[in-house]
Every structure is written in C-alpha cells, then in structure tokens.
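Take a look at the letters that make up each chain.
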Amino acid sequence: MQTLRRASAPPRRYLSDTPASRKALPFSLNTLRSSEDRADQGNVLRLVMFGKPGAGKGTLSARLVKKYDIASLSTGDLLRQHIAERTEVGREAEEIVAQGKLLPDDVMLKVVASKLDHIRNKHWILDGFPRTVPQGELLDAHLKKQGTPLSLVVNLDVPDEVILSRISDRWVHLPSGRVYNVSYNPPKVDGFDDETGEPLTKRPDDNPEIFARRLTQFYASTSPLIAYYTRAAQTPTRLPRAPDRNQHPHQLAFPPAHRLLLKTLAGTTSDEIWPQLDALVRDAFPALRETAASLETRRRHSLSDAVLAADLSASTRGDS
Ligand code: AMP
C-alpha cells in the first residue's frame, strides 16, 4: 500500500514562465506546465469510497461534501431516485435492489457515466460504484478517455458484526441520501430530516435477512476490487495530455505521471473514521477548498472558545 504524499513546496522557478519563454526553451528544459496540468498530477480529488454495505460510505461522503467543495455521486441514491420516479432504469432496479442483488454492470455504467461527465472539472466522490471488477475496469476506461483518472480509493474497514448490529437502526432521507442512526447519530426530531424537516424512511433492503445477502454479495463480487486497486496503486500511469497551443511542433512532451493512492481506514463508527479521512484528504489534496458554511462554523466555534477562555480567566482572577 502506498504511503501518503505530503503537499510539496511550490516549485522554485529560475526561468520566466511565459508562453513565449516556454516556446523558446529546448524540450529538455521545458518542464514548466500550465496550472491545469499541475492539478492533474494528483491534486484533484477523484475518490472511490469503498467498503461493505453499511460501513458508512454515505455518512462519510456527506461529511466531506459538507466540509469541502466536492461533488458526490451515490449509485444507491441514484437508483432509489430512479425507482421513486418510475424511470426505465428504476423499473428494472426495483426488484433487484429490494432483493439485495447487483444490477448489471452495463446498466450501472450508463447510470454513472453521464453524471460523471457533468462533474469532470470538479473534485468528486463516488459512493457505491464500482462494485465489481468489470465495473472498475469500465470506470477506468471512461475516466482515461476524459484524462481524469481516479486519485484516491478509501477502503473503509468496519467489522461485520458492528455493521450487522446497527443496520436495523438506520433511517434515510431519500431525496438527499442523508443517513441517520437512531443509536449514535439520531435526527434532531425523531423520524424527520434535520435540514428539510421531511419524513425519514426505512430502506426496504435494510432488514437482517436481505442485509446478510448484501454482505455475501460484497465478499463474492466487490471485495476483489481491493486487489485490483492495490495493483493500480503500484503502477504509475501516463495521462494523455491535451494539445498545447504554446508548444513548438518539434518539442517532445512527456505526459505527466499519475499514481493512485489507496488507503484503508479502520474503525467501528464513522465518528472514529472521520478524523482519519479528513486528515488524509487535507494532506494529499491541498487544493481542496472548505465550503463557506464550514468556515463560518469554525469561525463561530473559535469565537465561542475565545469567549469561554475569557470567562474562565476572569473567574480564576475573581472578577465579578
Ligand atoms: P447502496 O445504497 O450503495 O447500498 O446501494 C443499494 C442497492 O443498489 C445495492 O444493494 C444494489 O442492489 C444497487 N446498487 C448500487 N450500486 C450498485 C452498483 N455499483 N452495481 C450494482 N448494483 C448497485
């Protein structure tokens, strides 16, 4: 498994970096790149959140989306929306999802591909896809065409018995995919979503019998993806480079090397895993920006900490 890459210091530049100067340099010296190229060398988060059903993929993805400017795609949420809207995919999916089985790979790629095309210029998270090695291969081929390969796979390692014991406590807000757990992450008002006030529902496939089947399905079809991504993480690839208008036709251009980062994060609750995940994405993807809401929450916390500290020091001094 690969170790975490730290944010490197900005490159030192001894040569002026203008289109004209880049054109004039011999190819052996022409290593200065546009900012888009630099972003592609590992700075754009394209994350597959991987783990057993119920491991907390949805909860942790939602926390990342709340904190950072990241788009997220959950295939389970997409399918539940298709089912609710009675689309063609939804009618095909209804029975399969209810039984805890997997939809065919080609159907899933169709569901995901057009959505991925919409967010290709953003940081993004995929939750629930791929779930088979052929899906992994289809995804890689699709992303390779776009020149936007995966940059991170997070493998959530949560023991089976922990997942099984908490699954019957899980409730979801269907339109947003927000997940609650009545034991350790309850909604503010019982049975209703914190943000919209709309009713929560129980997923029909969150019962012990179907859930056991989903776990078996995970070990049979999904877990081989770990070996697939372990191999990918050991093999740097070259990205196709978009034509550069500033490049001399006789210059040789070496496409940037790209390496996938694979990390296993272990814990028994999402609260335990969250700090590890947050530190991982912050260290490996310094280009991520916090959302305005997250910055505001932090500003308020540090203000109230300052007020508390001031109160405390006033009371220890005996001020009234
Ligand atoms: P999830 O919400 O991710 O647990 O997904 C719920 C259900 O949707 C799964 O149990 C499958 O029936 C179906 N599903 C979601 N993602 C996929 C996928 N990548 N491949 C096949 N079926 C999927």
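Before any of the text, the structure's been laid out above.
First, a word on what this report is: a plain description of the structure on this page. If you're wondering where the values come from, they're calculated on a predicted model, not measured in any experiment.

## Quick word on the overall build of the protein
Phase 1 of the analysis: In terms of regular secondary structure, the protein is built from 12 helices and 9 strands.
Phase 2 of the analysis: Looking at the protein residue by residue over its 320 residues, the buried ones come to 40%.
Phase 3 of the analysis: Taking the intrachain contacts of the protein between residues at least 6 apart in sequence as the baseline, contacts between residues at least 24 apart amount to 72%.
Phase 4 of the analysis: Working note: accessible area of the protein is about 17,700 Å², and carbon and sulfur atoms make up 56% of it.

## Regarding the site of the ligand
Phase 1 of the analysis: In the vicinity of the ligand lie 16 residues, with Thr75, Lys101, Gly128, Arg131 and Arg214 positioned nearest.
Phase 2 of the analysis: In this structure, Leu103 approaches the ligand through a main-chain N or O atom, which is 3.1 Å from a nitrogen atom.
Phase 3 of the analysis: Arg203 has a polar side-chain atom sitting 3.0 Å from an oxygen atom of the ligand.
Phase 4 of the analysis: In the complex, the protein chains occlude 96% of the 480 Å² of accessible area that the ligand would expose alone.
Phase 5 of the analysis: The element best represented in the shell around the ligand is helix 4 (residues 75-84), accounting for 4 residues.
Phase 6 of the analysis: Within the shell around the ligand, the residues separate by chemical class into 6 nonpolar, 4 polar and 6 charged.

## Things to note about helix 6 (residues 105-118)
Phase 1 of the analysis: Between its first and last C-alpha atoms helix 6 spans 20 Å; for 14 residues at 1.5 Å apiece the expected length is 20 Å, and the two agree.
Phase 2 of the analysis: Residues Val107, Met108, Leu109, Val111, Val112, Ala113 and Leu116 constitute the buried set of helix 6.

## Focus: the pairing of strand 1 (residues 46-51)
Phase 1 of the analysis: Taking burial as the measure, the 6 residues of strand 1 include 6 buried ones, the bulk of the element.
Phase 2 of the analysis: Bridging between strand 1 and strand 4 (residues 152-157) involves 5 bridges; their strand directions are parallel. For Met49, the partnering residue across the bridge sits in strand 4 and is Val154.

## Observations concerning the packing of aromatic side chains
Phase 1 of the analysis: As enumerated under the stated definition, the model contains 3 aromatic pairs in all.
Phase 2 of the analysis: Centre to centre, the rings of Phe50 and Phe218 are 5.9 Å apart; their planes meet at 50 degrees, and the pair counts as tilted. Residue Phe50 is located in strand 1, and its partner Phe218 is located in helix 9 (residues 208-222); the two are separated by 168 residues in the primary sequence.
Phase 3 of the analysis: Each residue in the set Phe50, Phe218 and Tyr219 is aromatic and connected to the rest through ring pairs, giving one cluster.
Phase 4 of the analysis: The positively charged end of Lys202 is found above the aromatic ring belonging to Trp171, 5.4 Å away from the centroid.

## A look at the sheet that holds strand 1
Phase 1 of the analysis: Taken in spatial order, the 5 strands of this open sheet run 2-3-1-4-9, and their pairing is parallel. Of all strands in the sheet, those with a lone pairing partner are strand 2 (71-74) and strand 9 (261-266), marking the two edges. Shown here is a sheet whose adjacent strand axes are inclined to one another by a mean of 20 degrees, direction ignored.

## Some words on the side chain of Asp127
Phase 1 of the analysis: On the secondary structure map, Asp127 appears in strand 3 (residues 124-127).
Phase 2 of the analysis: Filtering out sequence-adjacent residues up to four positions away, Asp127 remains in contact with Met49, Lys57, Gly58, Ser61, Leu73, Ser74 and Thr75.

What counts and how
- Residues numbered from 1 in each chain as written.
- Predicted model: local features only at pLDDT ≥ 70, side-chain atom pairs only at ≥ 80, totals over all residues.
- Heavy atoms only, no water.
- Helix = DSSP H or I, 4+ residues; strand = E, 2+ residues; numbered from the N terminus.
- Buried < 20%, exposed > 50% of the residue type's maximum accessible area, 1.4 Å probe, protein only.
- Contact = heavy atoms within 4.5 Å.
- Areas by Shrake-Rupley, 256 points an atom, 1.4 Å probe, with all protein chains shown as cover.
- Near = heavy atom within 4 Å.
- Polar contact = N/O pair within 3.5 Å; in protein donor to acceptor, adjacent residues only side chain to side chain.
- Nonpolar A, V, L, I, M, F, W, Y, C, P; charged D, E, K, R; others polar.
- Expected span 1.5 Å × (residues − 1).
- Pairing = 2+ DSSP bridges.
- Phe/Tyr/Trp six-rings, centres within 6.5 Å; stacked < 30°, edge-to-face > 60°.
- Lys NZ or Arg CZ within 6 Å of the ring centre and 35° of its normal.
- Axes fitted to C-alpha atoms, helices over the stretch in contact; angles between N-to-C directions.

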